Amino acid sequence: MSHIKENILHIQQEIEGLCKRIGKDPREIQLIAVTKTVDADKINEAIDNGIVNIGENKVQEIMNKFEQVDNVNWHMIGHLQTNKVKYIVDKVQMIHSVDRIHLAEEINKRAKQINRCIDILIQVNIAQEETKFGIDEKDIYDFIEQLEGLQHIRVKGLMTIAPYDDVPDRVRIHFKRMKQLFDEINNKNIKGVEMHYLSMGMTNDFKVAIEEGANMIRIGTGIFGERNYTEK
């Protein structure tokens, strides 16, 4: 028996309750349903119950599911290899995981070929974890400078993946620093760079992330339940 409808309602209620407590408008929080290993039927069930944005970690899963899923915005949230950009540039609304100039240049090149502008987020490895992708915060301004002139991508904000911790409050420091960085960049009014989205927080820690300024959260397990990733 699927509990997707109930799970979505529960997440929405959690967001609304939290936002009321901290004085935020819950409509400002964009929920990305993470559909890694989730089949098209369950994704469509989530869409039928109010989900309008889905995030995939792998290019192949986007390609496999794209024709089976309608009326939804696709987000590429996982590590993206430059040689696979061409397969999704016509399918996704936003790429969250831009952390290399060669990747940005390839996205720009492929978007230009189909006369599109692609919204991107810069992925920051805020906790400096060796196992995570993303640029170091000290390199972000140099990175932004290198993006200048890429007319077919639009920087719309920042993304990070915090370290997993059974006590989410222990990763608050990383979310707090991301918001500081987000605001610093925003206040510099850099041409071609818009800080609209701060994408951070997942099933385990999204409430702490929202408290610290996230306005885009990525929820997979909280909507679709635990998954066996070894099956895919």
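Think of each chain on its own: its residues are numbered from 1, step by step along the sequence as written. In keeping with the model being predicted, local features are shown solely for residues with a pLDDT of at least 70 and side-chain atom pairs are shown and tallied solely at 80 or more, while totals for entire chains, interfaces and linings include all residues. Computation of side-chain values: all heavy atoms of the structure, hydrogens and water removed.

Asks: So what exactly am I meant to see when it comes to the overall build of the chain here?
Replies: In terms of helices and strands, the chain carries nine helices and eight strands. Relative to the globule expectation of 17 Å for 232 residues, the C-alpha radius of gyration of the chain, 17 Å, shows essentially globular dimensions. With respect to the principal axes defined by its C-alpha atoms, the chain has extents near 50 × 40 × 30 Å. Exposure categories follow from relative accessible area, calculated using a 1.4 Å probe and restricted to protein chains: below 20% of the type maximum is buried, above 50% is exposed, and the middle band is partly exposed. Burial analysis of the chain (232 residues in total) assigns 49% to the buried set. In the chain, the share of contacts with a sequence separation of at least 24, taken over all contacts with a separation of at least 6, comes to 59%. To be clear on the numbers: accessible area is Shrake-Rupley with a 1.4 Å probe, and residue cover counts the displayed protein chains and nothing else. Working note: accessible area of the chain is about 12000 Å², and carbon and sulfur atoms make up 44% of it. Strands are runs of DSSP state E lasting at least two residues, helices are runs of H or I lasting at least four, and both sets are numbered from the N terminus onward. Radius of gyration here uses only the C-alpha atoms, and the compact-globule reference equals 2.2 Å multiplied by the residue count raised to the power 0.38. Residue contacts are defined here by distance: any two heavy atoms, one from each residue, within 4.5 Å place the two residues in contact.

Asks: Please explain the packing of helix H6 (residues 140-147) against helix H7 (residues 172-187) as it appears in this structure.
Replies: When two helices pack together, their arrangement is given by the angle between the helix axes and by the axis-to-axis distance. Between H6 and H7, whose axes approach to 12 Å, the crossing angle comes to 45°. It follows from the interaxial angle that H6 and H7 lie oblique. The way H6 lies across H7 gives a crossing that is right-handed. Within the contact between the two elements, H6 uses Ile140, Tyr141 and Ile144 and H7 uses Leu181, Glu184 and Ile185. Residues that form the contact of H6 with H7 fall into these classes: five nonpolar, no polar and one charged. Between N-to-C directions, angles cover 0 to 180 degrees, with each direction set by a line fitted to C-alpha atoms, over the stretch in contact for helices. Should an angle fall under 35 degrees it is called roughly parallel, over 145 degrees roughly antiparallel, and 65 to 115 degrees roughly perpendicular, with every other angle called oblique. By convention the crossing between two helices is left-handed if the near helix lies anticlockwise of the far one by an angle smaller than a right angle, and right-handed if it lies clockwise. Here the term charged refers only to Asp, Glu, Lys and Arg, the term nonpolar to Ala, Val, Leu, Ile, Met, Phe, Trp, Tyr, Cys and Pro, and the term polar to all other amino acids, Gly among them.

Asks: I'm lost on the packing of aromatic side chains in this one. Help?
Replies: Any aromatic ring pair is given by two values, namely how distant the centres are and how the planes are angled relative to each other. Planes of paired rings set the category: under 30 degrees apart is stacked, over 60 is edge-to-face and the rest tilted, where pairs are Phe, Tyr or Trp rings (Trp by its six-membered ring) whose centres lie within 6.5 Å. Summed over the entire model, instances satisfying the criterion amount to one aromatic pair. Each ring, one from Phe66 and one from Trp74, has its centre 5.7 Å from the other, and the planes form 45°; the classification is tilted. Note that Lys91 overlies the ring of Phe66, its terminal NZ or CZ placed 5.6 Å from the centroid. We call a charge positioned over a ring when the NZ of a Lys or the CZ of an Arg lies within 6 Å of the ring centre and within 35 degrees of the ring normal.

Asks: Quick question: what am I supposed to make of the pairing of strand E1 (residues 30-34) here?
Replies: Side chains on a regular strand alternate between the two faces of the sheet. Most of E1 is tucked away: five of the five residues are buried. In E1, alternate side chains face the same way, and those of Gln30, Ile32 and Val34 on one face and Leu31 and Ala33 on the other are all buried. Criterion used throughout: strands pair if DSSP finds at least two bridges between them. In this sheet, strand E8 (residues 216-219) lies alongside E1 in parallel orientation, the contact comprising four bridges. When the sheet's bridge partners are listed, Ile32 is paired in E8 with Arg218. Judged from the two bridges that link them, E1 and strand E2 (residues 53-56) form a sheet pairing that is parallel. In the strand pairing of E2, Ala33 is matched with Ile54. Handedness of the crossover joining E1 and E2 through helix H2 (residues 40-48): right-handed. Throughout, right-handed denotes a crossover for which the path from the first strand over the helix to the second runs clockwise when the strands point away from the viewer.

Asks: I tried to follow the pattern of salt bridges on my own but got confused; where do I start?
Replies: Side-chain pairing between opposite charges can occur once the charged atoms of the two side chains come close. Should a side-chain nitrogen of Lys or Arg be within 4 Å of a carboxyl oxygen of Asp or Glu, the pair is scored as a salt bridge. Summed over all chains, the structure comprises 20 salt bridges. Among the ionic pairs, Asp25 bridges to Arg27, the shortest N-O distance being 3.0 Å. Asp25 sits in the partly exposed class, given a relative accessible area of 25%. Here Arg177 and Glu184 are joined by a salt bridge, their closest N and O atoms 3.1 Å apart. A single salt-bridge network, built from bridges that share partners, covers Arg21, Asp169, Arg172, Lys176, Glu211 and Glu212.

Asks: Just to check I follow, could you spell out the environment of Lys191 for this structure?
Replies: Within the secondary structure, Lys191 sits in the loop between H7 and strand E7 (193-199). Taking C-alpha positions, Lys191 is 8.2 Å from Glu148, a pair spaced 43 residues apart along the chain.

Asks: Sorry, what's going on with helix H5 (residues 101-113) here?
Replies: Think of an α-helix as turning once every 3.6 residues; residues three or four places apart then point the same way. Helix span, expected: 1.5 Å multiplied by one less than the number of residues in the helix. Given a rise of 1.5 Å per residue, 13 residues ought to cover 18 Å, and the 18 Å separating the end C-alpha atoms of H5 matches this to within 8%. Turning to H5, its buried residues are Ile101, Leu103, Ala104, Glu106, Ile107, Asn108 and Ala111. The secondary structure elements touched by the buried residues of H5 are helix H4 (85-88), strand E4 (94-98), strand E5 (118-123), H6 and strand E6 (153-159). Phi for Asn115, located one or two positions after H5, is positive at around 60°.

Asks: In this structure, what is going on with the packing of helix H1 (residues 4-22) against H2? I would like to understand it.
Replies: Running from amino to carboxyl end, H1 crosses H2 at an angle of 45°, the nearest separation of the two axes being 9 Å. In terms of axis orientation, H1 runs oblique to H2. As for the relative orientation of H1 and H2, their crossing is right-handed in sense. On the side of H1, the interface is formed by Ile4, Lys5 and Ile8, while H2 contributes Lys42, Glu45 and Ala46. Its residues placed into classes, the contact of H1 with H2 shows three nonpolar, no polar and three charged.

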